[in-house]
Amino acid sequence: MTKSDVATPRRVTSDWVAAFPGFDAWRPMHLLRRIGPVVQGICLDRSTSGDGYTPTVHVHALTREFPVISLMLGQRLERTSGQPERILFSRHGVEFQDAARTLAEQSRLPVGSPPSLEEIVKEYHSASIARQESGLPPAVMEIEDSILISAAAERSDLVAEGLNLASELANVWPKARLPLDWVSSEAWLDGLASKARDSGSLSAIVDRQIIKHKLSKIRETAVGNGDAP
């Protein structure tokens, strides 16, 4: 094998953009698209050894001040064994197309056409419930994100649904596993409801996050305003 047979990060990124033309190259090895106040991404996560990568689909809410684009709801490409699938740079040319098809099949959110805001919110809710049922740490950030992106998009129906789920989960979350700065369920719920009522402040946060993370070049899919019919 010659050096020219080994794919570069630039080529890998370009090939994945071609496979998923609804996404834009945000940075090398990372594709994004914006759906109102949230971004959906495909992170081509490099292995520790640096000789390959694992595709990971994820979302990131723009409604909180955050220093990086997070990999919330992250879902890695998996083998049939359930282990993450790694694509070697030396095998990229012959494997990435099958990997892209499999990632689209495995992803709980659509990666072909953009998911709706409602689909994203529902996935946040499903993930939060699954974490509770699995005994994992409470999905505080997931619930908060689901409510705040709904509020920023002026989807009061989804805000109400999220607050109801937040109340149900807060009542069963073990106190020992809650964040250290947790005061009480009532204070958390009141604070969430207050933030959700201030769509102007949320929109301002979204605008600042777009600037901070240099997302202006990323195409946006508009979301509808108002209550769902």
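See the structure above.
One structure accompanies this document, and this report is about it. (Residues numbered from 1 in each chain as written. Predicted model: local features only at pLDDT ≥ 70, side-chain atom pairs only at ≥ 80, totals over all residues. Heavy atoms only, no water.)

Describing helix α7 (residues 199-212)
A rise of 1.5 Å per residue sets the reference length of α7, with its 14 residues, at 20 Å; its end C-alpha atoms lie 20 Å apart and thus fit the reference within 8%. Among the residues of α7, those classed as buried are Leu202, Ile205, Val206, Gln209 and Ile210. End-on, the buried residues of α7 take up no more than an arc of 140°, which puts them together on one face. Just downstream of α7 lies Lys214, where phi reads positive at about 55°. (Helix = DSSP H or I, 4+ residues; strand = E, 2+ residues; numbered from the N terminus. Expected span 1.5 Å × (residues − 1). Buried < 20%, exposed > 50% of the residue type's maximum accessible area, 1.4 Å probe, protein only. Arc of directions from axis to C-beta.)

Comments concerning the environment of Glu220
By secondary structure assignment, the location of Glu220 is in strand β7 (residues 220-221). With a relative accessible area of 45%, Glu220 lands in the partly exposed category. When the C-alpha atoms of Glu220 and Val39 are compared, they prove to be 8.8 Å apart, with 181 residues separating the residues in sequence. Each residue touching Glu220, except ones within four places of it in the same chain, is listed here: Arg34 and Gly36. At 3.0 Å, the side chain of Glu220 forms a polar contact with the side chain of Arg34. (Contact = heavy atoms within 4.5 Å. Polar contact = N/O pair within 3.5 Å; in protein donor to acceptor, adjacent residues only side chain to side chain.)

Digging into helix α6 (residues 185-197)
Under the 1.5 Å per step criterion, the end-to-end length of α6 is 18 Å for 13 residues, consistent within 8% with the ideal 18 Å. Tucked into the core, α6 has its buried residues touching α4 (140-152), α5 (156-170) and α7.

Some thoughts on the pairing of strand β2 (residues 30-35)
Burial runs high along β2: six of the six residues are buried. Of the two faces of β2, the one lined by His30, Leu32 and Arg34 and the one lined by Leu31, Arg33 and Ile35 are each fully buried. If you look at the hairpin formed by strand β1 (residues 24-27) and β2, you'll find two residues sitting between the two strands, and Met29 has a positive phi there, around 70°. Of the pairings in the sheet, the one linking β2 to strand β3 (residues 38-46) comprises six bridges and is antiparallel in character. Within β3, the residue paired with Leu32 across the bridge is Gly41. (Pairing = 2+ DSSP bridges.)

Observations regarding a positive patch on the surface
Among the surface-exposed residues, Arg27, Lys212, Lys214 and Lys217 lie close enough to one another that they form a single positively charged patch. By secondary structure assignment, the location of Lys214 is in the loop between α7 and β7. (Patch = residues over 30% accessible without salt bridge, like charges linked within 9 Å, V, L, I, M, F, W, Y side chains within 5 Å. Areas by Shrake-Rupley, 256 points an atom, 1.4 Å probe, with all protein chains shown as cover. Salt bridge = Lys/Arg side-chain N within 4 Å of Asp/Glu carboxyl O. Lys, Arg positive; Asp, Glu negative; His and termini not counted. Charge placed at Lys NZ, Arg CZ, Asp CG, Glu CD.)

A few points about the packing of α4 against α6
Following both chains from N to C, one finds α4 and α6 inclined at 25°, their axes separated by 9 Å at the closest point. By the criterion of interaxial angle, the relationship of α4 to α6 is roughly parallel. Judged by the twist between their axes, the crossing of α4 over α6 is right-handed. Mapping the contact onto sequence places Val140, Ile143, Glu144, Ile147, Leu148 and Ala151 in α4 and Trp188, Leu192, Lys195 and Ala196 in α6. Residue composition of the contact of α4 with α6, by class: eight nonpolar, no polar and two charged. (Axes fitted to C-alpha atoms, helices over the stretch in contact; angles between N-to-C directions. Parallel < 35°, antiparallel > 145°, perpendicular 65-115°, else oblique. Left-handed = near helix turned anticlockwise from the far one by under 90°. Nonpolar A, V, L, I, M, F, W, Y, C, P; charged D, E, K, R; others polar.)

All quantities given are derived from atomic positions and should not be read as evidence of function.
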